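Remarks on the overall topology
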Amino acid sequence: AQSVAQPEDQVNVAEGNPLTVKCTYSVSGNPYLFWYVQYPNRGLQFLLKYITGDNLVKGSYGFEAEFNKSQTSFHLKKPSALVSDSALYFCAVSVGSSNTGKLIFGQGTTLQVKP
Amino acid sequence: DAGITQSPRHKVTETGTPVTLRCHQTENHRYMYWYRQDPGHGLRLIHYSYGVKDTDKGEVSDGYSVSRSKTEDFLLTLESATSSQTSVYFCAIGGGGSGELFFGEGSRLTVL
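Residues numbered from 1 in each chain as written. Chains lettered and ligands numbered in written order. Predicted model: local features only at pLDDT ≥ 70, side-chain atom pairs only at ≥ 80, totals over all residues. Heavy atoms only, no water.

1. Here we look at the nonpolar core
Residue and element names in this part refer to chain A. Within the largest apolar cluster, 27 residues are counted, with the highest numbers of intra-cluster contacts made by Trp35, Leu47, Leu48, Phe74, Leu76 and Tyr89. Of all elements in the fold, only strand E2 (10-14), strand E3 (19-21), strand E5 (33-38), strand E6 (44-50), strand E8 (64-68), strand E9 (73-78), strand E10 (87-96) and strand E12 (109-114) reach the threshold of two or more residues within this core. Per element, the largest residue contribution to this core is four residues, and it comes from E10. Ignoring any residue separated from it by four or fewer positions in sequence, one finds Tyr89 in contact with Gln6, Trp35, Tyr36, Val37, Leu47, Phe63, Leu76, Gly108, Thr109 and Leu111. (Core = buried A, V, L, I, M, F, W, Y, C linked by side-chain atoms within 4.5 Å. Buried < 20%, exposed > 50% of the residue type's maximum accessible area, 1.4 Å probe, protein only. Helix = DSSP H or I, 4+ residues; strand = E, 2+ residues; numbered from the N terminus. Contact = heavy atoms within 4.5 Å.)

Structure below.
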């Protein structure tokens, strides 16, 4: 069965420090991987995606993620965290290559950035 | 922001009553989805549509039905609501080949 795991319920980081939010996946075939962010009482917003090509993917708001096939991971990173980055982050994998809207989501990781 | 409107945004109902949630888009996108969000589960796909009158089941479709009579509208119906269907429901558009999803603001449903 295809699945996504986000091993940390919460990540705490000081403003200005680098941040990492972890994601591992289990899929058959080539994965299409996504990161979404959710602010309180809002819908999810797309951050970045890996479909194919360069393993380092750059996205919105200075975020990037590294696809590691051997470790089946797709960790989200940012060199310098902002207080405004505090939100709920979801990693997701596409179930079918023909429709990347059919997603399996991780359970989410709350990022808390303190001043 | 993608033109996606969900209604109602909040609803409280009683067990056994029917409930319909509406998703309206102005983007003319072919694909539409209904997800539910529950703590500890992330989001789970209920149903999706790949065109007018073309729908299919997702991961957690039991107890739900959908209809899409127009490109812009995707309805989610709970024929007889149960307390386990208390959740936040999100409509989304996008996907298809390799595209990302755009989400609505969510509909919070409480079943007493």
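On we go from here.
2. A word on the state of the cysteines
Tallying each qualifying case throughout the model produces two disulfides over all chains. Across a sulfur-sulfur distance of 2.0 Å, Cys23(A) and Cys91(A) are joined as a disulfide pair. Looking down the S-S bond of the Cys23(A) and Cys91(A) bridge, the torsion is -60 degrees, so its handedness is left-handed. In this pair, Cys23(A) sits in the loop between E3 and strand E4 (24-26) while Cys91(A) sits in strand E10, placing the two residues 68 residues apart along the sequence. Per residue, the accessibility class of Cys23(A) equals that of Cys91(A), and both read buried. Between the sulfur of Cys23(B) and that of Cys91(B) lies a disulfide, 1.9 Å long from S to S. Looking along the S-S bond of the Cys23(B)-Cys91(B) disulfide, the torsion reads about -70 degrees, which is the left-handed sense. Here Cys23(B), found in strand E3 (residues 19-25), pairs with Cys91(B), found in strand E9 (residues 87-94); they are 68 residues apart in sequence, far enough to count as distant. (Disulfide = S-S within 2.5 Å.)

3. Overview of the interface of chain A and chain B
In many analyses, interface size is given as the accessible surface area lost on bringing the parts together. The interface is formed by 24 residues belonging to chain A together with 25 residues belonging to chain B. Counting each side, the surface lost to burial between chain A and chain B is near 1,800 Å², with a carbon and sulfur contribution of 48%. The largest per-residue losses of area from chain A upon contact with chain B belong to Leu44(A), Asn99(A) and Phe105(A), which jointly make up 23% of the total buried on that side. Taken together, chain A and chain B are joined by two salt bridges. The partner of Glu100(B) in a salt bridge is Lys49(A), with the nearest N and O atoms 3.2 Å apart. (Buried area = accessible area lost by both parts, 1.4 Å probe. Salt bridge = Lys/Arg side-chain N within 4 Å of Asp/Glu carboxyl O.)

4. Points about the packing of aromatic side chains
In this structure the tally under the stated criterion is 17 aromatic pairs over all chains. Aromatic pair Phe105(A) and Tyr35(B): ring centres 5.6 Å apart, planes at 85 degrees, arrangement edge-to-face. Taken together, the positions of Phe105(A) in strand E11 (residues 99-105) and Tyr35(B) in strand E4 (residues 32-38) put the pair across two chains. For the pair shown, Phe105(A) and Tyr35(B) are each scored as buried. Taking the centre distance of 6.5 Å and the plane angle of 10 degrees together, the rings of Tyr31(B) and Tyr33(B) count as stacked. Note on Tyr31(B): relative accessible area 13%, which makes it buried. (Phe/Tyr/Trp six-rings, centres within 6.5 Å; stacked < 30°, edge-to-face > 60°.)

5. Overview of unusual backbone geometry
All names here are of chain B. Residue Pro8 is reached from Ser7 by a cis peptide bond, and omega for that bond is -10 degrees. Note that Pro8 resides in the loop between strand E1 (4-7) and strand E2 (10-13). A positive phi angle is found at Asn28, which is not glycine, with a value near 60 degrees. A relative accessible area of 62% places Asn28 in the exposed class.

6. A word on the sheet that holds strand E7 (residues 64-70) of chain B
Residues and elements named next belong to chain B. Strand order across the open sheet formed by four strands is E1-E3-E8-E7, with antiparallel pairing between neighbours. Strands at the two margins of the open sheet, each flanked by one partner only, are E1 and E7. For this sheet, the mean angle separating the axes of adjacent strands, direction not counted, is 20 degrees. Sheet topology note: the E3/strand E8 (residues 73-78) ladder contains six bridges and is antiparallel. From the neighbouring strand, Cys23 faces E8, where its bridge partner is Phe74. (Pairing = 2+ DSSP bridges. Axes fitted to C-alpha atoms, helices over the stretch in contact; angles between N-to-C directions.)

7. A few points about the pattern of salt bridges
Residues and elements named next belong to chain A. For the coordinates displayed, the defined rule picks out nine salt bridges over all chains. Close ionic contact of Glu66 with Lys77 constitutes a salt bridge, the shortest N to O distance being 3.9 Å. Within this pair, whereas Glu66 is found in strand E8, its partner Lys77 is found in strand E9, the two being separated by eleven residues in sequence. Take Glu66: its relative accessible area is 40%, and that puts it in the partly exposed class.

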